[in-house]
Amino acid sequence: MLYVFLWLLCALAASYIYHGKRRSWIAGGLAGLIFGPIGILLALLTRPLEPPPLTKQCPACNAAAPYLAHVCPACGADIHYA
Ligand SMILES: [Zn+2]
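First, a word on what this report is: a plain description of the structure on this page. (Residues numbered from 1 in each chain as written. Predicted model: local features only at pLDDT ≥ 70, side-chain atom pairs only at ≥ 80, totals over all residues. Heavy atoms only, no water.)

This paragraph deals with the overall build of the protein. Each helix and strand in the protein was counted, giving 3 helices and 2 strands. Taken against the 2.2 N^0.38 rule, which gives 12 Å for 82 residues, the C-alpha radius of gyration of the protein at 21 Å runs more than 25% over that of a compact globule. Expressed along its principal axes, the backbone C-alpha trace of the protein runs to roughly 70 × 15 × 15 Å. A buried classification covers 27% of the 82 residues belonging to the protein. Of the roughly 6200 Å² that the protein leaves accessible, carbon and sulfur atoms contribute 71%. (Helix = DSSP H or I, 4+ residues; strand = E, 2+ residues; numbered from the N terminus. Rg over C-alpha atoms; globule rule 2.2 N^0.38 Å. Buried < 20%, exposed > 50% of the residue type's maximum accessible area, 1.4 Å probe, protein only. Areas by Shrake-Rupley, 256 points an atom, 1.4 Å probe, with all protein chains shown as cover.)

Take a look at the structure:
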């Protein structure tokens, strides 16, 4: 019974660590549930998820444009794939 409790504690800890790294807490919980203490180690070694960039640079005029923009607000160039 103690081992079941410790295994669930590993799942909770891995879930908490994954959530702190902006990753799915469900995936962390599953990793802890399946691998136990090794799941916590995996969660600790996982890199945090980077937030998406807010701007991109126009290749024509080098002005900063919103990342999802299709047309440069400064010069009107097509920056859909920039
Ligand atoms: Zn431009």
